[in-house]
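# Structural overview for review
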Amino acid sequence: RISFKGSVSEQQIRESSVESLRGYLSDIIDAILGSVEQCPPGMRLCFKQLHKRVEERFPGAASQDVKYAAISGFLFLRFFAPAILTPKLFHLREHHADPRTARTLLLLAKVVQSIGNLGQQLGHGKEQWMSPLHPLIQQSVGRLRDFLDKLTDMESDVECGQTSRTLFHPSVTIKEGFLHKRKAEAVNLVTRFTFKKRYFWLSSQTLSYSKTPDWQVSGM
């Protein structure tokens, strides 16, 4: 808590802070809900299948939101909320946030996760700052359903399968770096000399390696 002296009351500070949060949230929500085309086709295919299976398992109007929550719960919990809470881990910042900024990020992540949960737990938390944001959360939930419908609206399973198989061209390196290589044969004693350091390149079809990053000599 911070004691404020002068003409500015604590209520005014609270209202100003809530307004700042609303501004940040509006930008974040707009960015998330406008990112359909940026989502990798492979993930969209998985979400489409998940949407379909959940809808088959939980039919009826009473379970209408289950198919949405199955996708948004994962997407927001594993990607959006963590990226907001700890942006350095997602290479969005060079350094961890200071305590004051971290507190703001925590509140923003909580609200975003609440939207991902379709607002089903509104009013059950202990965070007093969440209450003034409930209307914004409710408005965003409706937009979230539209976003998820667009996210899972792909052509056909056959075409989606073709898209997912061509995510990486054979010539594109998916992963590279140093690894330690050892012959697949029995040895009595494994020492550090048993392993040879090699630089590997991994594509969708081949695994190649060499002694140095600039000298590719073998492949599988």
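Once a new chain begins, its residue numbering starts again from 1 and follows that chain's sequence as written. A pLDDT threshold of at least 70 governs which residues receive local features in this predicted model, and a stricter bar of 80 or more applies before side-chain atom pairs are shown or counted, although totals over entire chains, interfaces and linings include all residues. Hydrogen atoms and water are omitted, and side-chain values are computed over all heavy atoms in the structure.

Exposure above 30% relative accessible area and the lack of any salt bridge qualify a residue for a patch; like charges then connect within 9 Å, and the nonpolar side chains Val, Leu, Ile, Met, Phe, Trp and Tyr within 5 Å. Each accessible area is a Shrake-Rupley result for a 1.4 Å probe, and residues are judged covered by the shown protein chains and nothing else. Note on definitions: salt bridges are taken to be side-chain nitrogens of Lys or Arg within 4 Å of carboxyl oxygens of Asp or Glu. Counted as positive: Lys and Arg. Counted as negative: Asp and Glu, with His and the chain ends omitted from the count. For charged residues, the charge sits on one atom: NZ in Lys, CZ in Arg, CG in Asp, CD in Glu. Residues D146, D149, D153 and E155 make up a contiguous surface patch of negative charge. In DSSP terms, a helix is any run of H or I states spanning at least four residues, a strand is any run of E spanning at least two, and both are numbered starting from the N terminus. Tracing the sequence through the fold places D153 in the loop between α5 (134–151) and α6 (157–165). We call a residue buried when its accessible area falls under 20% of the maximum for its residue type, exposed when it is over 50%, and partly exposed in between, using a 1.4 Å probe and counting protein chains only. D153 sits in the exposed class, given a relative accessible area of 56%.

The next point concerns the packing of aromatic side chains. Aromatic ring pairs are defined here through the distance separating the ring centres and the angle between the ring planes. Side-chain rings of Phe, Tyr and Trp, where Trp is taken by its six-membered ring, are said to pair if the distance between their centres is within 6.5 Å; with planes under 30 degrees apart they count as stacked, over 60 as edge-to-face, and otherwise as tilted. For the structure shown, the criterion picks out five aromatic pairs. Ring centres of F74 and F79 lie 5.8 Å apart, and the angle between their planes is 75°; this geometry places the pair in the edge-to-face category. Members of the aromatic cluster, connected to one another through ring pairs, are F47, F74 and F79. Should the NZ of a Lys or the CZ of an Arg lie within 6 Å of a ring centre and within 35 degrees of the ring normal, that charge is described as sitting over the ring. The ring centre of F58 lies 5.0 Å from the NZ or CZ of R57, which sits over that ring. Positioned above the aromatic ring of F178, the side-chain terminus of K197 is 4.5 Å from the ring centre.

Counted according to the given criterion, the structure contains five salt bridges. For D30, the salt bridge goes to R143, with nearest N and O atoms at 3.0 Å. Of this pair, D30 sits in helix α1 (residues 10–33) while R143 is found in helix α5, placing the two residues 113 residues apart along the sequence. D30 sits in the partly exposed class, given a relative accessible area of 43%.

Another point: the environment of P87. Tracing the chain through its elements places P87 in the loop between α3 (66–85) and α4 (99–116). Sequence spacing of P87 and A97 is 10 residues, and the spatial spacing of their C-alpha atoms is 8.3 Å.

To continue, consider the packing of α1 against α5. Whenever a helix is involved, its axis is fitted only over the stretch in contact; in every case the axis is a line through C-alpha atoms, and angles between N-to-C directions fall within 0 to 180 degrees. Here α1 crosses α5 at 10°, and the two axes come no closer than 11 Å. It follows that α1 is roughly parallel to α5 by the angle criterion. Residue-level inspection shows R22, L25, I29, D30, I32 and L33 of α1 in contact with α5, the latter providing L136, S140, R143, L144 and F147. By the convention adopted, Pro, Cys, Tyr, Trp, Phe, Met, Ile, Leu, Val and Ala count as nonpolar, Lys, Arg, Asp and Glu as charged, and the other residues, Gly among them, as polar. Taken together, the residues that form the contact of α1 with α5 break down as seven nonpolar, one polar and three charged. Reported orientations rely on four angle classes, namely roughly parallel under 35 degrees, roughly antiparallel over 145, roughly perpendicular from 65 to 115, and oblique for the rest. Contacts: residue pairs with any heavy atoms within 4.5 Å of one another.

Right, let's talk about the side chain of K67 for a bit. Among the secondary structure elements, K67 is positioned in helix α3. What makes K67 buried here is its relative accessible area of 8%. In terms of polar contacts, K67 uses its side chain to reach the side chain of E55, at 3.0 Å. In protein, a polar contact means a hydrogen-donor-capable atom and an acceptor-capable atom, both N or O and within 3.5 Å, with residues adjacent in sequence counting only if both atoms are side-chain atoms; elsewhere, any N or O pair within 3.5 Å suffices.

On to the confidence of the model for the protein, then. What pLDDT expresses is the predictor's confidence in each residue, scored from 0 to 100. With 77% of its residues at a pLDDT of 70 or more, the protein shows a mean pLDDT of 80. Model confidence for the protein, summarised as mean pLDDT per element, is weakest for α6 at 46 and strongest for α3 at 92. Confidence drops under a pLDDT of 50 for residues 158–166, and excluding neighbours within four residues, the segment shows seven contacts in the predicted structure.

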